[in-house]
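Spelled out from the first residue to the last, the chains are:
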Amino acid sequence: MNNATEVMHAKNISLSEDLSKVVIIDQTQLPNRLVYVEVDELEDCWKAIHTLQVRGAPAIGIFAGYALYVLSRKYQYLPYDSFKERFDHDAEYLNTSRPTAVNLFWATDRMKKLVAASKDLPVPAIVEKVCQEAKKIHQEDIDMCLKISEYGLSLLKEGEGVLTHCNAGPLATSRYGTAIGPMLLGKERGINVRVYSDETRPLLQGARLTSYELQKAGVDVTLICDNMASIVMKNGWVDKVFLGCDRIAANGDFANKIGTSGVAILAKYYGIPFYSLGPSSTIDFNCPTGKEIEIELRDPDEIKNKWYAEPMALPDVKCYNPAFDVTDHELLTGIITEKGIVYPPFEENLKKLFNK
Ligand code: MRU
């Protein structure tokens, strides 16, 4: 195994050997400590998502699938109606952990539908089906990420510079990642690019996770502060922008980590192609435009205190901490999905590609 392959095969989400717990890499501890955490209680599963121990839109969906399985094992001896009521309750509760990434709702909805359609089976058999479905969601994500990485790599040439924001690598997905996948796949195949990783204030996913994954994989990565994206573009060091997405609306507007829309505006100014990479589980055809996407607001403490030895702002200063922003589809060059690269007009071409 070379370094890139090793990074892609780290198990960020799995079931414990006895199947009773979900095991995750606690992403809040990286890059300083590689800590695995086991969860099997509803509240702990909710917290794992809310506190970003598990994060990244596809990873949240995969985790939710396994979490519902582990939780449902505990009440598999209830009669069907009570079982279903409890299952739906747990799914709805997990849905309240974070509002923006559609993959969470997509996964819990898929699980709820499976339980609703299995009414005639004994409950333990339904729980077994839930387990298989969770594994299927995981495998599908691995497959989709590989295809996305292939399409992304087809756009890259040896020696090119790619800027990315936040983390859309293996930790945020399953194996290859979406926006980071092309660079990891390229590394495996001897195609080398230079990556600029925005640190991604305030939670530093770019610094803590993206530069960690790429450095470990042996990819040429340079960490920059978010406000340095303009200078590296102006210097002519960036040929493409590749980043992930948390929800793509039917018209191509998409939510991604706060700061993404600023990067898109810069890329437009400097004439740099700007791509969002995401699996079909991130496309929300029920959401007509970006205006309808709920943006998560997080604790001001993440800006004022979190990373510092002492507070960096007065305790009573007003603070606005949106976790995501919406990038207008007009700023996008293309959306890279597992089915191909979608170009404008996005509304029409997304529908065509996904038969909607
Ligand atoms: O708040 P986070 O860290 O969960 O935000 C993650 C992102 O914005 C990612 O870019 C997105 O989920 C895509 S991951 C393939």
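Treat the numbers as computed from the prediction; the structure is a model and nothing was measured.

### Here's the deal with the sheet that holds strand β12 (residues 324-327)
Argument step 1. Reading across the sheet, the four strands line up as β11-β8-β9-β12 and stay open at both edges, with mixed pairing between neighbours. This sheet does not close on itself; its edge strands, each paired only once, are β11 (283-284) and β12.
Argument step 2. Sheet analysis places strand β8 (residues 247-249) next to β11, joined by two bridges and oriented parallel. Residue pairing in the sheet places alanine 249 in a bridge with aspartate 284 of β11.
Argument step 3. Helix α10 (residues 260-270) rests against β9 (254-257) and β12 of the sheet, and its axis sits at about 35° to β12.

### What about the layout of surface pockets?
Argument step 1. Reported here for the largest pocket is a volume of approximately 430 Å³.
Argument step 2. Lining the largest pocket are 17 residues; nearest its centre among them are Trp106, Ile283, Asp284, Phe285 and Asn286.
Argument step 3. Mapped onto the lining of the largest pocket, the elements with two or more residues apiece are α5 (102-117), α6 (123-153) and β11.
Argument step 4. The class makeup of the residues in the lining of the largest pocket is seven nonpolar, three polar and seven charged.
Argument step 5. Lys11, Ile13, Ser14, Tyr66 and His138 are the residues nearest the centre of the second largest pocket, which is lined by 16 residues in total.
Argument step 6. Per-element tally for the lining of the second largest pocket: the top contributor is α6, with four residues.

### Quick word on the environment of leucine 243
Argument step 1. Relative to the helices and strands, leucine 243 resides in strand β7 (residues 240-243).
Argument step 2. Owing to a relative accessible area of 0%, leucine 243 belongs among the buried residues under this scheme.
Argument step 3. Sequence separation between leucine 243 and alanine 168 is 75 residues, and the spatial gap between their C-alpha atoms is 6.7 Å.
Argument step 4. For leucine 243, the contacting residues outside a window of four places in its chain are Thr164, His165, Ala179, Phe254, Asn256, Thr260, Phe274, Tyr275, Ser276 and Leu277.

### A look at the nonpolar core
Argument step 1. Formed by 41 residues in total, the largest nonpolar core has its most connected members in Ile13 and Phe63.
Argument step 2. Looking at this core, the elements with two or more residues in it are β1 (13-15), β2 (22-25), β3 (36-39), α2 (42-50), α3 (57-74), α4 (80-95), α5 and α6.
Argument step 3. It is α3 that provides the largest number of residues to this core, a total of 11 residues.
Argument step 4. When sequence neighbours within four positions are dropped, the list of residues in contact with phenylalanine 63 reads Ile13, Val22, Ile24, Val39, Cys45, Ala48, Ile49 and Val54.

Cut-offs and rules
Residues numbered from 1 in each chain as written. Predicted model: local features only at pLDDT ≥ 70, side-chain atom pairs only at ≥ 80, totals over all residues. Heavy atoms only, no water. Pairing = 2+ DSSP bridges. Helix = DSSP H or I, 4+ residues; strand = E, 2+ residues; numbered from the N terminus. Contact = heavy atoms within 4.5 Å. Axes fitted to C-alpha atoms, helices over the stretch in contact; angles between N-to-C directions. 1 Å grid on protein atoms, 1.4 Å probe; cavity = no way out; pocket = protein on both sides within 12 Å on 5 of 7 lines; lining within 4 Å. Points joined across faces, edges and corners; volume = space filled by probe spheres on them. Nonpolar A, V, L, I, M, F, W, Y, C, P; charged D, E, K, R; others polar. Buried < 20%, exposed > 50% of the residue type's maximum accessible area, 1.4 Å probe, protein only. Core = buried A, V, L, I, M, F, W, Y, C linked by side-chain atoms within 4.5 Å.

Purely geometric numbers; function is a separate question.
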